[in-house]
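# Results of the structural survey
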Amino acid sequence: MTDQQRDAAAGGDVRLTGIGKTYGSFTAVHPLDLTVPQGSFFALLGASGCGKTTTLRMIAGLEEPTSGTVLIGGQDVTALPPYKRPVNTVFQSYALFPHLDIFENVAFGLRRRGKKDVKKQVEDMLELVELGQYARRKPHQLSGGQQQRVAVARALINHPQVLLLDEPLGALDLKLRRQMQLELKRIQTEVGITFVHVTHDQEEAMTMADTIAVMNGGRVEQLGAPADLYENPATTFVANFLGQSNLLPAEVTGTAGEDLLLSAAGTRLTVPKARCATDAKRVHLGVRPEKITITHVTEEVAEGRNALVGTVLDSSFIGVSTQYVVRTDGGQEVTVFEQNMERDARIVPGAGVRLHWNPAHSFALDASQAIDAGTGEEAA
Amino acid sequence: MSRILKWVRAHLVVLAGLLALAYLVLPNLVVLAFSFNKPVGKFNYEWNEFSTDAWTNPCGVADMCQSLSLSLQIAVLATIGATVLGTMVAFALARYRFRGRSATTAMIFLPMAMPEVVMAASLGTLFLNMRIPFGFTTILIAHIMFCLSFVVTAVKARVMSMDPRLEQAAQDLYATPVQTFLRVTLPLAAPGIAAGALLSFALSFDDFIITQFNSGPTTVTFPMFVWGASQRGIPVQVNVIGTAMFLAAVVLTVAGQWLGNRRKATA
């Protein structure tokens, strides 16, 4: 058993109880309960200003909670200053010490805890992040990706019970970001430490995390595994923020067996009861763009599928798929992603089409919520 | 003709630079040259004969080396006082919001903006009314006061530009507040503090007006000595001191540049 694993086994779960933060009259984080199981990769996902970074900083001790408690590995650390907490942070834009070289940056935490003989450990850690030959460089002489790895090494060398990552990849370009996502995931699996990762990038969260908490307006909207959140969003915010959703206003007209019968602008649609998050009469029927099949209006649709008729407004070729925007006869705009396999040459802007999908791929949400929450275009 | 014009155009920046340098350095070179003069009569204004008398016997003039030593003592103490106090004020102004903060900022700026003679006279009046005897202490207090502004300005600019996350990172890496200050904050603020200290030393050492109004009968600083001597004829040794100071400054600057370049090259 390595040092890391022993430390991690000593308990690296984070338990937040009723933790909240207000600044004067502004509430950054509404009191929330959150448990991050030990050894998991946990993502706090949300738009800027949703309270995710404040939550992270309260775990680190850099922000004092207005209410509630923080437990790390069963120990109440709410009153402890940051330098006494068994956590380390990878800061946004890294916050490497510019006056120290890479070696001393990485050795900083060990030296502060009075460790002698840090050479071996620092060198091993620099090898882990593949920066061995840069030990005597200053941070500004390294590229963004290298600085990012130094920041990770500087935190990990202390074998924290929990590693906190505050938008660690935000400053990197797309290609490097993809690469670092996999790299971080690899390191996390290797050292087995609990990672709490703050990001506004839903793809990043889904790629890396075991569990995602989607935050909005200082509250956790929904918590779950990436696939679970994607397939079963509980709110319109989650439906729109995590990937893309078509949401159609509909009315519940009755039930048929395990299905709920709906009417959306005169069209009869169904959704399994199990995928309906509400018992309200008016709902938003949601379906992901890639679940919809698009066919020419002359084609027949198989029995038992939800179907809408409409006109193609726009089509754009994206390489792996083609994106269509269709206006239904009911006046709704629906987005469809179609794999580029057997493209029907008749489906061009202006053409009449049928959209259909398996009812089990749709979900229903309470219509009292804003239909455009989380799209980035909603009225403020 | 056009070739000459072309050459001038290509080298205009260098030419302008050299002219500016000459403008700045020429007076110093005159001082240097006349430090090797053996003047006829009291005044060292006309070249007579090369001599190293003044260099071999720099303290040969009555009272001059005492005044030099006094000026150095005051400059060192004023630098220490102003740097310590000014750094603390700068941190307070840059980091905290408190009642009287904007007033303090304005007051700190005043000594730099106000005519020196006004400040000198009012300080003198203050000391007189408080019945503080003029002398070493009053000069020191006055110097610390006006040097303070420069230190605060230099350090504050530096502290404001420092990323607050660096200190948070230090705390996150188990550094106590004291360790954070010593290991991260201070080294990062050091260039600003050094700039303030150097400015303080230079300003204190060559201050005449404020010193003149606040010194006692026995505390004659070097600038005051030179002023007094100029009435009767400045001794050659003053040129020696001036040249030595100039060379020391040049050596320090060049060494600093060289060290900086070397660090950049090897790091």
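Small disclaimer: the values here were computed from a predicted structure and weren't measured.

### Considerations on the overall build of chain B
A count of helices and strands for chain B gives eleven helices and zero strands. In chain B, the succession of helices and strands from N to C terminus is α-α-α-α-α-α-α-α-α-α-α. Taken against the 2.2 N^0.38 rule, which gives 18 Å for 267 residues, the C-alpha radius of gyration of chain B at 23 Å runs more than 25% over that of a compact globule. Sorting the 267 residues of chain B into buried and exposed places 29% on the buried side. Residue pairs in contact within chain B that sit at least 24 positions apart in sequence constitute 76% of those at least 6 positions apart.

### Let's talk about the domain arrangement of chain A
Assigned domains of chain A: these are domain 1 (3-231) and domain 2 (245-366). Each of domain 1 of chain A and domain 2 of chain A has a C-alpha centre, and these two points are 40 Å apart.

### Here's the deal with the environment of B:Asp207
Residue and element names in this part refer to chain B. Residue placement: aspartate 207 occurs in the loop between helix H8 (177-205) and helix H9 (209-214). With 16 residues separating them in the primary sequence, aspartate 207 and proline 223 have C-alpha atoms 6.9 Å apart. In this view, aspartate 207 contacts His143 and Pro223; residues no more than four positions away in its chain are not counted.

### Quick word on the interface of chain A and chain B
The interface is formed by 18 residues belonging to chain A together with 16 residues belonging to chain B. Within the residue set of the side of chain A that touches chain B, elements represented by two or more residues are strand E6 (87-90) and helix H3 (102-112) of chain A. Among the elements that line the side of chain A that touches chain B, the one with the most residues is H3(A), at three residues. In terms of residue class, the side of chain A that touches chain B is built from eight nonpolar, six polar and four charged.

### Considerations on the sheet that holds strand E18 (residues 333-339) of chain A
The strands making up a sheet associate through hydrogen bonds between their backbones, and the pairing can be parallel or antiparallel. Residues and elements named next belong to chain A. Across the sheet, which stays open at both edges, the five strands sit in the order E15-E19-E16-E17-E18 with antiparallel pairing between neighbours. With one partner strand each, in any of the chains shown, strand E15 (293-296) and E18 form the two edges of the open sheet. Taking each pair of neighbouring strands and ignoring which way they run, the sheet shows an average axis angle of 45°. Sheet topology places E15 next to strand E19 (residues 352-357); four bridges connect them, and they run antiparallel. Note that in E19 the partner of histidine 296 across the bridge is valine 353.

### Side note on helix H5 (residues 144-156) of chain A
All names here are of chain A. The end-to-end C-alpha distance of H5 is 18 Å, a good match for the 18 Å that 13 residues give at a rise of 1.5 Å each. When we look at burial in H5, the residues that qualify are Gln147, Gln148, Arg149, Val150, Ala151, Val152, Ala153, Arg154, Ala155 and Leu156. Looking at the buried positions of H5, the neighbouring elements they touch are E6, H3, helix H4 (119-128), strand E7 (162-166) and helix H6 (174-191).

### Notes on the domain arrangement of chain B
You can read the domains of chain B as domain 1 (2-53) and domain 2 (62-234). One C-alpha centre belongs to domain 1 of chain B, the other to domain 2 of chain B; they are set 33 Å apart.

### What about the sheet that holds strand E3 (residues 41-45) of chain A?
All names here are of chain A. Read from one edge to the other, the open sheet built from six strands follows the order E6-E7-E8-E3-E9-E10, with strand pairing classed as mixed. Of all the strands in the sheet, just E6 and strand E10 (219-224) have a single pairing partner and so form its edges. Between one strand axis and the next, the sheet turns by 20° as a mean value, whatever way the strands run. Bridge count for E7 against strand E8 (residues 194-199) is five bridges, and the pairing is parallel. Across the sheet, the residue bridging to leucine 164 is valine 196, located in E8. Sheet contacts for H5: E6 and E7; angle to E6, the most-contacted strand, approximately 175°.

Basis of the calculations
- Residues numbered from 1 in each chain as written.
- Chains lettered and ligands numbered in written order.
- Predicted model: local features only at pLDDT ≥ 70, side-chain atom pairs only at ≥ 80, totals over all residues.
- Helix = DSSP H or I, 4+ residues; strand = E, 2+ residues; numbered from the N terminus.
- Rg over C-alpha atoms; globule rule 2.2 N^0.38 Å.
- Buried ≥ 20, exposed ≤ 12 C-beta atoms within 10 Å, placed from the backbone.
- Contact = placed C-beta atoms within 7 Å.
- Domains from an automatic or database assignment.
- Nonpolar A, V, L, I, M, F, W, Y, C, P; charged D, E, K, R; others polar.
- Pairing = 2+ DSSP bridges.
- Axes fitted to C-alpha atoms, helices over the stretch in contact; angles between N-to-C directions.
- Expected span 1.5 Å × (residues − 1).

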